Amino acid sequence: MLYQRNTLASLAGSSEPVDYLPITGPCEILPHASPLAMPRQNLNADPHEMHLEGFEPIRPAAPATSPLRMTERRVIFFGATLLTAAAAAATPFLLYARDGFNPLEVVGLALFSLLVLAISCWFCNAVAGLAVLIHARAPALSLRAATPAPAGRTALLMPIYNEDAAAAVGRLAATEVSLTRLGANRNVDLFVLSDSTREEVAADEWATVTALAEIASCPVYYRRRHINHERKVGNISEWVRRFGGAYDYMVVLDADSTMAGETILHLVDAMERNPGVGLIQTAPTIVGAETLFARASQFGVKLYGRVAAAGLAWWTGSEGTYWGHNAIIRVRAFAECAGLPTLPGRKPFGGHVMSHDVLEASLLRRGGWAVHVTPALGGSTEETPPGLRDFMVRERRWCQGNLQHLALLRTPGLHWINRLQLVMGAMAYLASPLWFCSLMIGLAVELQNPVDWGSFLYILHPQLTPLLWASMMTTAMLMGPKIIGLVLVLSRAEERKAFGGTWTLLKGAATEAFLSMITAPVLMASNTRVVVEVLMARDAGWSTQSRIAGHKRVSEAVREHRWELGVGIALLIALAFRPDLALWFSPILLPLLLAGPLAALISRSDIGAAAKRLGLMLTPEEIAAGAGSRSRRSYAPAPVVRLVVGGAPQQG
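Residues numbered from 1 in each chain as written. Predicted model: local features only at pLDDT ≥ 70, side-chain atom pairs only at ≥ 80, totals over all residues. Heavy atoms only, no water.

J.: Explanation requested: the packing of helix H3 (residues 70-97) against helix H13 (residues 416-447) in the structure shown.
T.: Packed helices, taken two at a time, are described by the angle their axes make and the gap between the axes. The N-to-C vectors of H3 and H13 enclose an angle of 10°; their axes lie 16 Å apart at closest approach. Classified by the angle between their axes, H3 and H13 sit roughly parallel to one another. Regarding H3 and H13, the two cross each other, and that crossing is left-handed. Of H13, the residues touching H3 (which contributes Arg74, Phe78 and Tyr96) are Trp416, Ile417, Leu420 and Val445. Across the contact of H3 with H13, the residue classes tally to six nonpolar, no polar and one charged. (Axes fitted to C-alpha atoms, helices over the stretch in contact; angles between N-to-C directions. Helix = DSSP H or I, 4+ residues; strand = E, 2+ residues; numbered from the N terminus. Parallel < 35°, antiparallel > 145°, perpendicular 65-115°, else oblique. Left-handed = near helix turned anticlockwise from the far one by under 90°. Contact = heavy atoms within 4.5 Å. Nonpolar A, V, L, I, M, F, W, Y, C, P; charged D, E, K, R; others polar.)

Right under this line is the structure:
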């Protein structure tokens with residue numbers, strides 16, 4: 001039996017115990033069914049052969065929205081990537097080659113070359129983004145300056161799984177208010193698609209959604225699945241098969257997503273004017289950060305994220321990607337092309353598709369539909385895990401899904417850019433074991449040499465050690481996108497002012513860079529372990545995402561990060577045989593040894609609030625709002641709170 005929690009206590013944030021009262025009647029609000037066929041795709045069959053079996057005709061190879069001279073763009077981008085990687089790897093190669101290679105050096109150079117190739121790609125992507133933004137190049141999809149009149153029938157889908165109902169539905173309510181203000185309430189329907197397994201959570205969802213439905217101008221619907229088959233993939237596809245025939249477009253949100261009404265209408269307008277486009281992905285920024293860890297992510301994405309998105313849009317063109325949320329999708333294209341099968345074999349490469357988004361974008365493009373990333377639209381936000389441990393839990397699930405893609409690279413009909421994106425997604429996690437193994441092999445090579453107490457002066461020596469040179473080049477390329485984003489903002493007076501001026505901006509950038517530097521070794525060690533566990537077929541499972549900051553004790557954090565501490569101790573023991581190298585390894589060694597206290601410190605909301613008071617890592621939105629910057633709780637749906645607490649809804 002489903003139980004309803006006292007809604008007043010829930011929305012008001014009361015800590016008092018509350019009773020759960022039985023709910024009577026059906027616990028769903030749904031429109032009339034409008035079925036739409038969504039066949040599961042055969043990932044082993046060529047799409048042209050599928051056409052002979054009665055499928056829809058294959059569309060032209062190059063969509064109409066594909067930018068001009070894409071071949072030249074990609075030659076420039078990948079040529080620059082190869083040259084940058086070669087420059088980084090050349091000096092270690094030549095220095096090792098002087099005395100001849102031993103097997104350990106060959107393995108180390110091979111691993112380092114793979115790593116530096118991936119890092120060079122990400123660095124050159126930022127350079128491309130900078131060039132696009134400086135020259136103000138027109139995007140592939142033109143966006144009208146004014147908000148266009150509503151057109152097309154659109155569904156906003158928010159899949160949720162054991163989430164804080166007041167916060168999640170509150171974000172949807174904020175979007176509804178924005179759409180109503182623009183007069184789009186007759187064209188947009190809101191769906192909360194629950195996969196929640198906890199009865200008390202489902203009761204909160206029902207109470208909050210029904211309260212919103214009573215006062216919202218947009219139609220509000222709610223459905224809860226009791227069997228969570230295929231997780232989010234199954235949740236969305238079940239909606240498409242039951243109701244997709246009534247809608248032209250669907251905007252997919254996460255439980256922590258918010259989109260402005262203007263942004264949604266711009267997306268709908270772009271889809272209307274470009275009938276060959278199947279999906280448009282926005283570049284969301286992060287909001288609601290309370291802890292030091294989350295605030296670093298929020299500031300970094302705001303400062304550097306658009307550079308990365310602009311670069312990605314430039315060289316992917318109509319072969320863009322999908323991040324699973326904050327995107328608009330043509331419903332019939334999605335139903336026709338993106339029905340995901342259950343993969344054969346054992347996990348991690350078999351079973352249900354976990355990282356569905358990139359694969360769905362690839363299948364849309366395989367079906368002839370264009371997929372675009374647009375960095376030109378604001379008003380698209382999400383939240384980030386509040387702590388390091390919460391972030392690592394999410395990363396484990398994504399790691400398994402992205403490594404699963406490696407088994408799909410031979411899928412017939414995929415565009416080669418989409419295949420590359422599948423590889424790049426996997427490399428985002430394989431980079432950690434590559435970095436870890438490169439460091440360990442480099443240290444093993446150095447352990448074969450005698451102690452040299454002058455090694456700390458090698459930076460002044462004309463013959464740098466390969467290990468030092470590799471570290472310097474890698475660091476320069478990793479920091480490159482951050483520097484590029486910072487330089488872009490500093491060069492624009494209006495944006496510089498929005499970030500609080502030069503000094504405030506530089507303080508924030510330095511703090512974010514420092515936090516990135518000290519957390520990188522911890523994430524390296526963690527992701528290395530995760531990759532090994534995934535390859536050993538240990539399933540990541542499906543856990544609820546933590547979104548609320550806590551006050552974790554240091555002892556608890558040390559237990560949670562005992563693996564990273566163990567790696568640090570092992571490295572410390574190895575350096576006992578070459579203490580002269582301790583200085584160069586200290587940026588990696590110290591964060592590993594202090595992983596527990598570090599995680600506890602940066603995951604506390606009071607520390608984050610103190611950093612905000614000091615003017616560190618402030619975003620333009622926070623500066624504009626001043627001291628009254630909205631906290632996470634302000635996402636609770638104000639119209640719903642007014643309805644429950646104050647009686648009749650009020651205007652405003």
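J.: Looking at this model, I keep getting lost on the state of the cysteines. Mind explaining?
T.: Every disulfide links exactly two cysteines, by a covalent bond between their sulfur atoms. Summed over the entire model, instances satisfying the criterion amount to zero disulfides. Not engaged in a disulfide, the cysteine Cys124 finds its nearest cysteine sulfur in Cys121; these two sulfurs lie 7.4 Å apart. Cys124 gets classed as buried once you look at its relative accessible area, which sits at 7%. (Disulfide = S-S within 2.5 Å. Buried < 20%, exposed > 50% of the residue type's maximum accessible area, 1.4 Å probe, protein only.)

J.: When you look at the environment of Gly152 in this model, what are you seeing that I'm missing?
T.: Mapped onto the fold, Gly152 is located in the loop between helix H4 (103-135) and strand S3 (154-160). With 95 residues separating them along the chain, Gly152 and Tyr247 place their C-alpha atoms 7.8 Å apart. When sequence neighbours within four positions are dropped, the list of residues in contact with Gly152 reads Asn187, Asp248, Tyr249 and Glu272.

J.: Help me understand helix H6 (residues 199-215) in this model?
T.: For H6, built from 17 residues, the straight-helix expectation of 24 Å at 1.5 Å per residue is met to within 8% by its first-to-last C-alpha distance of 25 Å. The buried fraction of H6 amounts to twelve of the 17 residues, a majority that puts the element mostly inside the structure. (Expected span 1.5 Å × (residues − 1).)

J.: Even after reading the chapter, I still don't get unusual backbone geometry, so can you show me in this structure?
T.: Among all residues except glycine, the phi angle is most often negative; among peptide bonds, the trans geometry is most common. Here the phi dihedral of Glu230 falls at roughly 65°; this positive angle occurs in a residue that is not glycine. Counting through the fold element by element, Glu230 comes out in the loop between strand S5 (220-224) and helix H7 (231-243). Positive phi, normally seen in glycine, also occurs at Asn326, with a value near 55°. Here Asn326 shows up in the loop between helix H9 (292-316) and strand S10 (327-330).

J.: Before we go on, may I ask you to explain the nonpolar core in this structure?
T.: Across soluble globular proteins, you tend to see nonpolar side chains buried next to one another. By size, the foremost hydrophobic cluster in this structure holds 37 residues, and its most contacted members are Leu156, Leu179, Ile280 and Ile328. Of all the secondary-structure elements, those providing two or more residues to this core are S3, helix H5 (165-181), strand S4 (188-194), H6, S5, strand S6 (249-252), helix H8 (261-273) and strand S8 (277-282). Looking at this core element by element, the count peaks at six residues for H8. Excluding anything up to four places from it in sequence, Leu179 contacts Leu156, Ala184, Asn185, Val188, Cys218, Gly261, Ile264 and Leu265. Met38, Val331, Phe334 and Trp369 belong to the second largest nonpolar core, which has 28 residues in total. (Core = buried A, V, L, I, M, F, W, Y, C linked by side-chain atoms within 4.5 Å.)

J.: Please clarify how the packing of aromatic side chains should be interpreted in this entry.
T.: Between two aromatic rings, the relevant description is the distance of the centres plus the angle of the planes. Within the structure shown, the criterion is met by twelve aromatic pairs. Arranged with centres 5.5 Å apart and planes meeting at 65°, the rings of Phe293 and Phe391 form a pair that is edge-to-face. One end of the pair, Phe293, is in helix H9; the other, Phe391, is in helix H12 (residues 388-404), with 98 residues separating them in the sequence. For the ring pair Phe299 and Phe499, a centre distance of 6.0 Å and an interplane angle of 85° mean the geometry is edge-to-face. Remark: Phe499 occurs in the loop between helix H15 (493-498) and helix H16 (502-535) and Phe299 occurs in helix H9; sequence separation between them is 200 residues. Residue Phe299 shares its accessibility class with Phe499, and that shared class is buried. (Phe/Tyr/Trp six-rings, centres within 6.5 Å; stacked < 30°, edge-to-face > 60°.)

J.: Sorry, what's going on with the packing of H16 against helix H20 (residues 595-602) here?
T.: Two numbers describe how H16 lies on H20: the axes approach to 11 Å, and their chain directions differ by 130°. Comparing the axis directions of H16 and H20 gives the class oblique. For the pair H16 and H20, the crossing hand works out as left-handed. Residues Leu515, Ile518, Thr519 and Val522 of H16 form the contact with H20, whose own contacting residues are Ala595, Leu598 and Ile602. Grouping the amino acids of the contact of H16 with H20 by side-chain chemistry returns six nonpolar, one polar and no charged.

J.: In this structure, what is going on with the sheet that holds S3? I would like to understand it.
T.: Paired through backbone hydrogen bonds, the strands of a sheet run either parallel or antiparallel to each other. Taken together, seven strands build an open sheet; the order of strands is S5-S4-S3-S6-S10-S8-S11 and the sheet is mixed. Every interior strand has two partners, whereas the edge strands, S5 and strand S11 (370-374), have only one. Here the strands of the sheet are splayed against their neighbours by 20° on average, with no regard to which way each runs. Where S8 and S11 come together, five bridges link them in parallel fashion. Within S11, the residue paired with Gln281 across the bridge is Val373. Each of S3 and S4 is contacted by H5, which is oriented at about 165° to S3, the strand it contacts most. Each of S3, S4, S5 and S6 touches H7; the most contacted strand, S3, lies at about 150° to it. (Pairing = 2+ DSSP bridges.)

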